[in-house]
Amino acid sequence: MSEEPGKETVPPVAPPEEVWRRLAREAEAAESSVREWRVTPRVTAEQLRDRLEERFGDPGGRPLERVVAEVADLLRDGLTHVTSPRYFGLFNPSVTAAGIAGDALAALYNPQLAVWSHAPAAQEMEAWILERLGDRVGFGGDDVQAHFTSGGMEANYSAVLAALHQRFPDAGERGWAGVSGRPSVYVSEEAHHSVLKAARMAGIGTDAVRAVRVDDGFGLDPEALRERIAADRDDGWTPAVVVATAGTTGTGAIDPLPEVAEVADAFSAWYHVDAAWGGSAALSDRLRPLLDGVERADSLVWDAHKWLSVPMGAGMVFCRHPGALRRAFSTRTTYMPGDAHAVTAPYATTAQWSRRAIGLKVFLTGVTLGREGWAAMIERQARMGDRIREALRDAGWTVANDTPLPVVCFTHPRIRSGEATTGGVLDEIYDRGRVWISAVRPADGESLLRACVTSFRTDGSDVRCLVEELEAALAAAGADGG
Ligand SMILES: *Cc1c(COP(=O)(O)O)cnc(C)c1O
């Protein structure tokens, strides 16, 4: 028998007070000063590696309070600050104390959600919040199976896989070579590329993802969809899934959900709605009508880590056909507890096996803010989007998309005339580092600048800062010859 290890070699769970105090100070600083920080980091990989070497060169033996302080410094200097109200970027939100506390509790108790019996309290809190969120989009009933995912990617993958296994019940055992008919999936050309990745991961190949033309507003054209599906069917494809996007990543377009539902219905295809970002509009009574038609979907993807202002990663998938999820994901084991109930255990109905309590932070955020608090944050961001459109037009910029969601795609007459380029303006913006925006080329057309409101803290002063930075960047990019 070996001796018991010395107590001093066992790391403590409860960190010294100083660590909590430091974390609390970090949170306060992040809230009060993030607006003043450079949004775009100015560090090279080499500088970061040197700094790591210098501070942590010989690993081990450092007090946690010092490490926390050093890591916080590194993160402050070495991140694109997505929680800045001046980050007008991709859908990465500012977060609240409730979300941080939820993630901390999940880390502390480390609940295992693979089976219900290992984490009943966590399972029920997740189910509770999923049910309430699902209710807003017609996915609240007993016939609905909903679960948290790492993000929209895994959620879209889960939905596509469920749809395919519903259509081809033997595919789970035989693979695609063993079924008759070649499945195809329909998206708009502005849909998120996670659907392409899902098709590849599902083994049906990216050729099976058929990108359908968009209209002038960058939304899916239902007539083009109908024609494409009919032509494919005549060519021997089996149209299996139609995906509508409610809030495209590039331009914030909302595909015509009821019309897409009609087309999916006409071809007996599974109707999936990807509302990864836009889904949160459902919490606002004013914005909810934008999503009318979503309740007809067979499955829905909605990310909590985007417009619900919850820390990453927290996606959600809602599905009206639990049997399809089981077909896609269930396996038999003798070693999982409560295996008799494997049909309802998350490990048997989802892509994950060991499962973190992803939904705790969503639960804490939801029960502290309440539906109305969440709605107010979302509506405020929508109004800031309107402010950006107005301010840009007043300053002579041209807004090129039309959506009630806060994504603004724009250009300038001097870019259109070739005096400056979109890329040149972006480079200046990143170099100046006061705001962050991106670029997009919708429908493979003109390259546009893109500013999206993703922080509930963004206010009028941030919008003014954005326009000032754009003006300065345009002047500099023009002077550089673009
Ligand atoms: C962000 C996004 C995704 C991917 O979600 P992740 O959470 O980044 O994995 C899919 N679809 C749409 C429309 C999105 O906006």
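Position labels on residues start from 1 in each chain and follow its written sequence. With the structure being a predicted model, the display of local features is reserved for residues of pLDDT at least 70 and the display and counting of side-chain atom pairs for 80 or more, all residues being used for whole-chain, interface and lining totals. Side-chain numbers here rest on the full set of heavy atoms in the structure, without hydrogens or water.

Novice: How would you explain helix 11 (residues 322-329) if you had to name every residue and give the values?
Specialist: Regarding helix 11, the residues found buried are Ala324, Leu325, Ala328 and Phe329. In an axial view of helix 11, the angular spread of the buried residues amounts to 115 degrees, which keeps them on one side of the axis. For every residue, the accessible area (1.4 Å probe, protein chains only) is compared with the maximum for its type, and the residue is labelled buried under 20%, exposed over 50%, or partly exposed between those bounds. Helix and strand assignments come from DSSP, with helices taken as H or I runs of at least 4 residues and strands as E runs of at least 2, each series counted from the N terminus. Summarising the geometry, the arc corresponds to the directions from the helix axis toward the C-beta atoms.

Novice: Kindly report on the site of the ligand, identifying the contributing residues and their values.
Specialist: Definition of nearness: a residue and a molecule or strand are near each other if at least one heavy atom of the residue lies within 4 Å of the molecule or strand. What surrounds the ligand is a group of 15 residues, the closest being Gly152, Asp274, Asp303, His305 and Lys306. Identification of polar contacts relies on pairs of N or O atoms within 3.5 Å, with a donor-acceptor requirement for protein atoms, meaning one able to donate a hydrogen and the other able to accept it, and with residues adjacent in sequence counted only if both atoms are side-chain atoms. Within the side chain of aspartate 274, a nitrogen or oxygen atom sits 2.7 Å from a nitrogen atom of the ligand. Measuring from an oxygen atom of the ligand, one finds a side-chain N or O atom of lysine 306 at 3.0 Å. Note on areas: Shrake-Rupley, 1.4 Å probe, and residue coverage restricted to the protein chains presented here. About the coverage of the ligand: the protein hides 85% of its 380 Å² of free accessible area.

Novice: With reference to specific residues and values, describe the side chain of serine 299.
Specialist: Mapped onto the secondary structure, serine 299 falls in strand 6 (residues 299-303). Within the structure, serine 299 has its side chain in polar contact with the side chain of histidine 272 (distance 2.7 Å). Contacts: residue pairs with any heavy atoms within 4.5 Å of one another. In this structure, serine 299 is in contact with Phe139, Ala159, Trp270, Tyr271, His272, Val273, Phe318 and Cys319, ignoring residues within four places of it in sequence.

Novice: Tell me about the packing of helix 6 (residues 152-167) against helix 8 (residues 194-202), and please be specific about residues and values.
Specialist: Where helix 6 meets helix 8, the closest approach of the two axes is 9 Å, and the angle between their N-to-C directions is 50 degrees. It follows that helix 6 is oblique to helix 8 by the angle criterion. The handedness of the crossing between helix 6 and helix 8 is right-handed. When helix 6 is examined against helix 8, the residues Met153, Asn156, Tyr157, Val160, Leu161 and Leu164 are found in contact with a partner set consisting of Ser194, Val195, Lys197, Ala198, Met201 and Ala202. Residue type decides the class: Asp, Glu, Lys and Arg count as charged, Ala, Val, Leu, Ile, Met, Phe, Trp, Tyr, Cys and Pro as nonpolar, and the leftover types, Gly among them, as polar. When the residues that make up the contact of helix 6 with helix 8 are grouped by side-chain class, the tally is nine nonpolar, two polar and one charged. In this analysis, axes come from line fits to C-alpha atoms, helices being fitted only over the stretch in contact, and the angle between any two N-to-C directions falls in the range 0 to 180 degrees. Relative orientations are named as follows: roughly parallel for angles under 35 degrees, roughly antiparallel for angles over 145 degrees, roughly perpendicular for angles from 65 to 115 degrees, and oblique for any other angle. Here a crossing is called left-handed whenever its near helix is offset anticlockwise from the far helix by less than a right angle, and right-handed whenever the offset is clockwise.

Novice: If you had to explain the packing of aromatic side chains to someone new, which residues and values would you point to?
Specialist: Here a ring pair, both rings aromatic, is described through the centre-centre distance and the interplanar angle of the planes. Any pair of Phe, Tyr and Trp rings, taking the six-membered ring for Trp, is counted once the centres come within 6.5 Å. Such a pair is stacked with planes under 30 degrees apart, edge-to-face with planes over 60 apart, and tilted for the rest. Inspection of the entire model under this criterion finds 10 aromatic pairs. Between tryptophan 128 and phenylalanine 363, the ring centres sit 5.4 Å apart and the planes meet at 70 degrees, which makes this aromatic pair edge-to-face. Of this pair, tryptophan 128 sits in helix 5 (residues 120-135) while phenylalanine 363 sits in helix 13 (residues 360-394); the two residues are 235 residues apart in sequence, bridging distant segments of the chain. Take tryptophan 128: its relative accessible area is 36%, and that puts it in the partly exposed class. When its relative accessible area of 16% is taken as the criterion, phenylalanine 363 is described as buried. Judged by centre distance (6.3 Å) and plane angle (35 degrees), the ring pair of tryptophan 302 and phenylalanine 318 falls under tilted. Highlighted residues: tryptophan 302 in strand 6 and phenylalanine 318 in strand 7 (residues 315-319), separated in sequence by 16 residues. Grouping residues by exposure puts tryptophan 302 and phenylalanine 318 together as buried. Linked through ring pairs, Tyr87, Tyr430 and Trp436 together constitute an aromatic cluster. When the ring centre of phenylalanine 91 is taken as reference, the NZ or CZ atom of arginine 450 above it lies at 5.2 Å. Only when the NZ of Lys or the CZ of Arg is both within 6 Å of the ring centre and within 35 degrees of the ring normal is a charge said to sit over the ring.

Novice: Just give me the short version of the pattern of salt bridges, but keep the residues and values in it.
Specialist: Salt bridges, as used here, are contacts in which a Lys or Arg side-chain nitrogen is within 4 Å of a carboxyl oxygen on Asp or Glu. Using the criterion set out here, one finds 28 salt bridges in the structure. A salt bridge links lysine 306 to aspartate 303; the nearest nitrogen and oxygen atoms lie 3.3 Å apart. Residue aspartate 386 is joined to arginine 389 by a salt bridge in which the shortest nitrogen-to-oxygen separation is 3.1 Å. Linking aspartate 386 with arginine 389, this pair stays in helix 13, spanning three residues, or about one helical turn. Among the charged side chains, a salt-bridge network with shared partners connects Arg22, Glu26, Asp73 and Arg76.

Novice: Give me the environment of serine 438: which residues, what numbers.
Specialist: Secondary-structure assignment places serine 438 in strand 10 (residues 438-440). When its relative accessible area of 7% is taken as the criterion, serine 438 is described as buried. Between the alpha carbons of serine 438 and tyrosine 87 there is a distance of 9.9 Å; along the sequence they are 351 residues apart. Those residues within four positions of serine 438 in sequence are excluded, and the remaining contacts are Phe88, Leu90, Leu426, Tyr430, Leu448, Leu449 and Arg450.

Novice: Any details on the sheet that holds strand 10? Residues and values, ideally.
Specialist: Two strands qualify as a pair provided DSSP detects at least 2 bridges between them. The sheet built from four strands is open, its strands ordered 8-9-11-10 with antiparallel pairing. What marks the edges here is a single partner per strand, and that holds for strand 8 (398-399) and strand 10. Pairing of strand 8 with strand 9 (residues 407-411), which is carried by two bridges, proceeds in the antiparallel orientation. Bridge pairing in strand 9 places valine 399 opposite phenylalanine 410. Lying on the sheet, helix 13 is in contact with strand 8 and strand 9; it crosses strand 9 at an angle near 15 degrees.

Novice: Summarise the sheet that holds strand 1 (residues 145-149); cite the residues concerned and give the values.
Specialist: As summarised here, the arrangement of the seven strands in space is 1-7-6-5-4-2-3, forming an open sheet in which the pairing is mixed. In the strand order of this sheet, the two ends are held by strand 1 and strand 3 (209-212), each with one partner. Sheet twist, expressed as the average angle between the axes of neighbouring strands with direction ignored, equals 20 degrees. Both strand 4 (residues 237-245) and strand 5 (residues 270-274) contribute to a ladder of five bridges, which runs parallel. Counterpart to alanine 244 in the pairing with strand 5 is valine 273. Against the sheet, helix 6 touches strand 1, strand 2 (182-188), strand 4, strand 5, strand 6 and strand 7, its axis set at about 175 degrees to strand 5.

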